[in-house]
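# Chain and residue survey
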Amino acid sequence: MNLLIQGGRVIDPSQGIDEVLDILVENGAVKELGKGVKAPSGTETIDASGLIVTPGLIDMHVHLRDPGHEYKEDIVSGTKAAAAGGFTSVACMPNTKPVNDNKAVTSYIIAKAKAEGSVNVFPVGSITQGSKGELLSEMGELKESGCVAVSDDGHPVTNSELMRRALEYAKGMGIMVISHAEDLSLVGAGVMNEGFVSTELGLKGIPWAAEDAATARDVYLAEFTDSPLHIAHVSTKGSLRIIRNAKARGVKVTCETAPHYFSLTDDAVRGYDTNAKMNPPLRTADDVTAVKEALKDGTIDAIATDHAPHHIDEKDLEFNEALNGIVGLETSLTLSLRLVEEGVLTLPVLVDKMACNPAKILGIDRGTLKPGSVADITVIDPKATWTVDADKLASKSKNSPFLGWEVKGAAAFTIVGGKVVYKR
Amino acid sequence: MGFKHKDIIALKDLSKDEIELLISTAENMREINSRDIKKVPTLRGKTIINLFYESSTRTRTSFEIAGKRLSADTVNITASTSSATKGETLLDTAKNLEAMKPDIVVMRHAVSGSHYFLAKRLSCSIINAGDGAHEHPSQGLLDMLTIKDRYGRLDGLKVAIVGDITHSRVARSDIAGFTMMGSRVFLAGPPTMMPPGVERLGNVTVCATMKEAIQDADVIIMLRIQQERQGKTLIPNTREYSRYYGLNPENLKWAKPDAMVMHPGPINRGVELSSYVADGANSHVLKQVENGVAVRMAMLYHVSGGTLVTE
Ligand SMILES: [Zn+2]
Ligand SMILES: [Zn+2]
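Parameters at a glance
Residues numbered from 1 in each chain as written. Chains lettered and ligands numbered in written order. Predicted model: local features only at pLDDT ≥ 70, side-chain atom pairs only at ≥ 80, totals over all residues. Heavy atoms only, no water. UniProt positions renumbered as here; feature names shortened; annotations may be inferred. Donors = N, O, S within 2.8 Å, 3.2 Å for Na, K, Ca; no water. Tetrahedral: all angles 85-135°; square planar, octahedral: opposite > 155°, others 65-115°. Buried < 20%, exposed > 50% of the residue type's maximum accessible area, 1.4 Å probe, protein only. Pairing = 2+ DSSP bridges. Helix = DSSP H or I, 4+ residues; strand = E, 2+ residues; numbered from the N terminus. Axes fitted to C-alpha atoms, helices over the stretch in contact; angles between N-to-C directions. Contact = heavy atoms within 4.5 Å. Core = buried A, V, L, I, M, F, W, Y, C linked by side-chain atoms within 4.5 Å. Domains from an automatic or database assignment. Buried area = accessible area lost by both parts, 1.4 Å probe. Salt bridge = Lys/Arg side-chain N within 4 Å of Asp/Glu carboxyl O. Polar contact = N/O pair within 3.5 Å; in protein donor to acceptor, adjacent residues only side chain to side chain. Nonpolar A, V, L, I, M, F, W, Y, C, P; charged D, E, K, R; others polar. Right-handed = clockwise from strand over helix to strand, strands pointing away. 1 Å grid on protein atoms, 1.4 Å probe; cavity = no way out; pocket = protein on both sides within 12 Å on 5 of 7 lines; lining within 4 Å. Points joined across faces, edges and corners; volume = space filled by probe spheres on them.

Going by the annotation in UniProt, the name recorded for chain B is Aspartate carbamoyltransferase catalytic subunit, with Geobacter metallireducens given as the source organism. UniProt annotates chain B under Function with the comment "Catalyzes the condensation of carbamoyl phosphate and aspartate to form carbamoyl aspartate and inorganic phosphate, the committed step in the de novo pyrimidine nucleotide biosynthesis pathway." The UniProt entry for chain B carries this comment under Sequence similarities: "Belongs to the aspartate/ornithine carbamoyltransferase superfamily. ATCase family."

Chain A goes by Dihydroorotase in UniProt, where it is assigned to Geobacter metallireducens. One UniProt comment on chain A, placed under Function, says "Catalyzes the reversible cyclization of carbamoyl aspartate to dihydroorotate." Under the UniProt heading Sequence similarities, the note attached to chain A is "Belongs to the metallo-dependent hydrolases superfamily. DHOase family. Class I DHOase subfamily."

So this is what it looks like as structure tokens:
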């Protein structure tokens, strides 16, 4: 089926394009970009005037909970949420049950996503077998089966020697390591950021140094092994300083942050709201400023959600008992567009961080509208206003600190392989 | 003025007027406690559940006596293990309690904020008898009453609080109460037990040494060291702790000669307080216990919104 997207503001940083153009899609691929593009008769047309047309957005860090925890989310509901959020591809973390440390689980995810999913799913395998931090996983076979990176997300690799070997081994296999940087002995029984708010609430704090110290270790190991490294969900001023310095030295390190780390502070925990409980925890206004600066100066390469669905029974608890994590797929775009309103980022730079860079970091053939490439396209309505409403979220879980927020900007169309998978 | 809250969870949530009202009501309640027949019918027919997830004989007994003196029916539920390990969530517990139609639930729980969680879901009143490291409002109120007994006022005093501030709900209630009433609070303790930003909680000064904190103090509140709760990393041992942060007759001389010494109890004798000080002329520890019953009567009375009948 063919598709003509007419008269939208096309922003494609991969080609340096930012102008009003038409895009013709044929047989699932981008056929032509230009003004006054003629389409064969019978071509479906999308009037994109007043809308923004970008390479399909990519969320390089989500938890689809499938296999094993389908009561929270599964590949069907998770990819529906992704499509509703304007994402055409997601990379899913391996902390499923069983852990994605082998070909069977990887193949299951890919097959189910192909058969029933709304968007592309790129699995991330584990660094260590069972993510137990003891033995390296079969990274060669994981890569061959379709994994785009390895990570023990949710659990840091605590043994430094093992992390060194993981970086070296992964380099040989041509697969990248994603680090969940957290020093568990410093975290202890902490449940929120350590600071004035934790003091006032009497909740056990997690010091920022727990993230900084772990980030520093992994950055130095990447430098020492000369291996590429991606740091997940960076939330502190200190970690960003470490990464910025490392990049300046030429270390092959990239990183991501999540919308909640530039949209909220630990003030959101007041009232003991468990929807504000996540890992890393929400930090201070200082850290939020540092995250925005790092987005601006390019220290932060990508915006990912760390979409972490949890059932209501796992959140409707005393603060200490509630699980960490929030859903993010359906609020990421609107929260990120606020960065443009605030003048932190230009739209093309935002698109870079939400589409082009994630594709580059993961090494997948997405994140571009170059003729010939797969027609994964997001059409954004920057003026759409809406309220974040639990009943309207496509995700099975509703654990969001943004419920009730009045927001602006939404995906108008999400197009995967030339097919409209979501229409607002 | 009246008391408008359904629950009493934290002193920091109350106004100065409300705290004064609770204290003056407690002063009136004391008269009942000195009678031959220590009982008034104020809460007759009301049911109070004392729900204690952490054992605390003295706070629970104090609340129980307070309820009985006001003629309420009091029931004690002691949950020795945490709700989660028992398999019943606090939400389940809340629903079960609601079905039993209590008027007041007095709860102690190890998790900070669990009282707000319960209060949102129950139509009855919740009184906080201690939640994690958050607040212990009845202790704060009884400390204030004890000091008011001695000085006739709560403003313009120098109050020193010494010990493990980080893990102390007593400290948080005291800080909220004393700073609201116009006293200056000075804190001392090992830096491993001093939470970040604590000086922003009110008119609070963090002191480098115990001497700085208790110098010319009108009141010294010594906190209990709970080694079991703090793990092993905060202090080398109680021997060194008592040397630098314990109160003994020698360092007590730094304070005003008639300074009040208080402790929420139970005291680790020889650690926070030497026995000479604990049993000495400056000690108001037993007075605190006595005032505890009156303060808790005032809290039960005000959340139930009744009128005081003293027939
Ligand atoms: Zn993680
Ligand atoms: Zn994650």
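## Concerning the coordination of the zinc ion (ligand 2)
Residues and elements named next belong to chain A. Each protein donor to the zinc ion (ligand 2) is listed here as His61 (NE2), His63 (NE2), Asp153 (OD) and Asp306 (OD); together their distances run 2.0 to 2.2 Å. Coordination at the zinc ion (ligand 2) is irregular, judged from the four donor atoms that bind it and the angles of 86 to 172° they form at the metal. Binding-site remark: the zinc ion (ligand 2) is held by donors from one chain whose sequence spacing is H-x1-H-x89-D-x152-D. Accessibility expressed as a relative area gives 0% for His61, which makes it buried. For His63, a relative accessible area of 3% translates into the label buried.

## Some thoughts on the sheet that holds strand β5 (residues 158–162) of chain B
Sheet strands pair via backbone hydrogen bonds, and the direction of the pair is either parallel or antiparallel. All names here are of chain B. The strand order β7-β6-β5-β8-β9 describes an open sheet built from five strands, whose pairing is parallel. At either end of the open sheet lies a strand with only one pairing partner, and these are β7 (204–206) and β9 (260–262). With direction set aside, neighbouring strand axes in the sheet form an average angle of 20°. Relative to strand β8 (residues 219–222), β5 runs parallel, the two being bridged by four bridges. Residue pairing for β8: Val162 is matched across the bridge by Met222. Contacts from helix α6 (residues 137–151) reach β8 and β9, with the element oriented near 165° to β9.

## Digging into the coordination of the zinc ion (ligand 1)
Residues and elements named next belong to chain A. Every protein donor of the zinc ion (ligand 1) is listed here as Asp153 (OD), His180 (ND1) and His233 (NE2), and their distances to the metal cover 1.9 to 2.1 Å. Sequence spacing among the residues donating to the zinc ion (ligand 1) works out to D-x26-H-x52-H. The zinc ion (ligand 2) is placed at 3.6 Å from the zinc ion (ligand 1), the two being bridged by Asp153. In this pair, His180 is assigned in the loop between β10 (176–179) and α5 (184–187) and His233 in the loop between β13 (229–231) and α8 (237–249), connecting sequence segments 53 residues apart. By the burial criterion, His180 is buried, and His233 matches it.

## Let's talk about the nonpolar core
Nonpolar side chains tend toward joint burial in soluble globular proteins. Among the nonpolar cores identified, the biggest contains 65 residues, and A:Val90, A:Val177, A:Leu229, A:Ile231, A:Val253 and A:Leu295 are the most heavily contacted of them. Within the second largest apolar cluster, 59 residues are counted, among which are B:Val40, B:Tyr151, B:Leu154 and B:Leu157.

## With respect to the domain arrangement of chain A
Interfaces are frequently sized by the accessible area removed from exposure as the parts join. Residues and elements named next belong to chain A. The domains assigned to chain A are domain 1 (2–52 + 374–423) and domain 2 (57–368). One C-alpha centre belongs to domain 1, the other to domain 2; they are set 25 Å apart. At the interface, 38 residues of domain 1 touch 50 residues of domain 2. Roughly 3,200 Å² of surface becomes buried between domain 1 and domain 2 when both sides are summed, with 63% attributable to carbon and sulfur atoms. Contact with domain 2 buries surface across domain 1, with Lys396, Asn399 and Phe402 losing the most and accounting together for 20% of the total. Two residues, Glu341 and Lys408, come together in a salt bridge whose shortest N-O distance is 3.6 Å. Across the contact surface, domain 1 and domain 2 share 21 residue pairs in polar contact (both at pLDDT 80 or more). At the level of secondary structure, the elements contributing two or more residues to the side of domain 1 that touches domain 2 comprise β1 (3–12), β16 (377–387), β17 (406–416) and β18 (419–423). Element by element, the count of residues in the side of domain 1 that touches domain 2 is highest for β17, at eight residues. Here the side of domain 1 that touches domain 2 is built from residues that sort into 21 nonpolar, nine polar and eight charged.

## Thoughts on the pairing of strand β6 (residues 57–62) of chain A
Residue and element names in this part refer to chain A. In terms of burial, β6 is largely enclosed, as six of its six residues are buried. Sheet topology places β6 next to strand β7 (residues 87–92); four bridges connect them, and they run parallel. The residue of β7 that forms the bridge with Val62 is Cys92. For the crossover from β6 across helix α1 (residues 75–84) to β7, the handedness is right-handed.

## Re the UniProt feature "binding site: carbamoyl phosphate" in chain B
Residues and elements named next belong to chain B. The positions that UniProt labels "binding site: carbamoyl phosphate" are, in the present scheme, Arg58, Thr59, Arg108, His136, Gln139, Gly265 and Pro266. With respect to the secondary-structure elements, Gln139 resides in helix α6. Look at Gln139 and you get buried, because its relative accessible area is 6%. Setting aside anything within four residues of it in sequence, one finds Gln139 in contact with Val170, Asp174, Pro264, Gln288 and Arg296. For Gly265, a relative accessible area of 15% gives the class buried. When sequence neighbours within four positions are dropped, the list of residues in contact with Gly265 reads Arg58 and Arg224.

## Looking at the interface of chain B and chain A
Contact with chain B, which involves 25 residues of that partner, is made by 16 residues of chain A. Taking both sides of the interface into account, the surface hidden between chain B and chain A amounts to around 1,600 Å²; carbon and sulfur atoms contribute 60%. Interface area lost by chain B to chain A is led by B:Val111, B:Ser112 and B:Pro196, which between them contribute 28%. Counting the contacts that link chain B with chain A gives seven residue pairs in polar contact (both at pLDDT 80 or more). Among the secondary structure elements, those contributing two or more residues to the side of chain B that touches chain A are α3 (83–86), α4 (90–99) and α5 (114–121) of chain B. If one sorts the elements of the side of chain B that touches chain A by residue count, α5(B) sits on top with five residues.

## Considerations on empty space enclosed by the protein
Residue and element names in this part refer to chain A. In this structure the tally under the stated criterion is four cavities of 30 Å³ or more. There is about 70 Å³ of room inside the largest cavity. Along the wall of the largest cavity there are 13 residues; nearest its centre are Ala181, Glu182, Asn279, Pro280 and Arg283. For the lining of the largest cavity, the residue count by class is seven nonpolar, three polar and three charged. Residue lining of the second largest cavity: Leu57, Leu333, Leu337, Leu347, Leu350, Val351, Met354 and Ile380, and that is the complete set. Of all the elements in the fold, those that place two or more residues in the lining of the second largest cavity are α12 (332–341) and α13 (347–362). No other element matches α13, which puts four residues into the lining of the second largest cavity. Among the residues making up the lining of the second largest cavity, the classes are represented as eight nonpolar, no polar and no charged.

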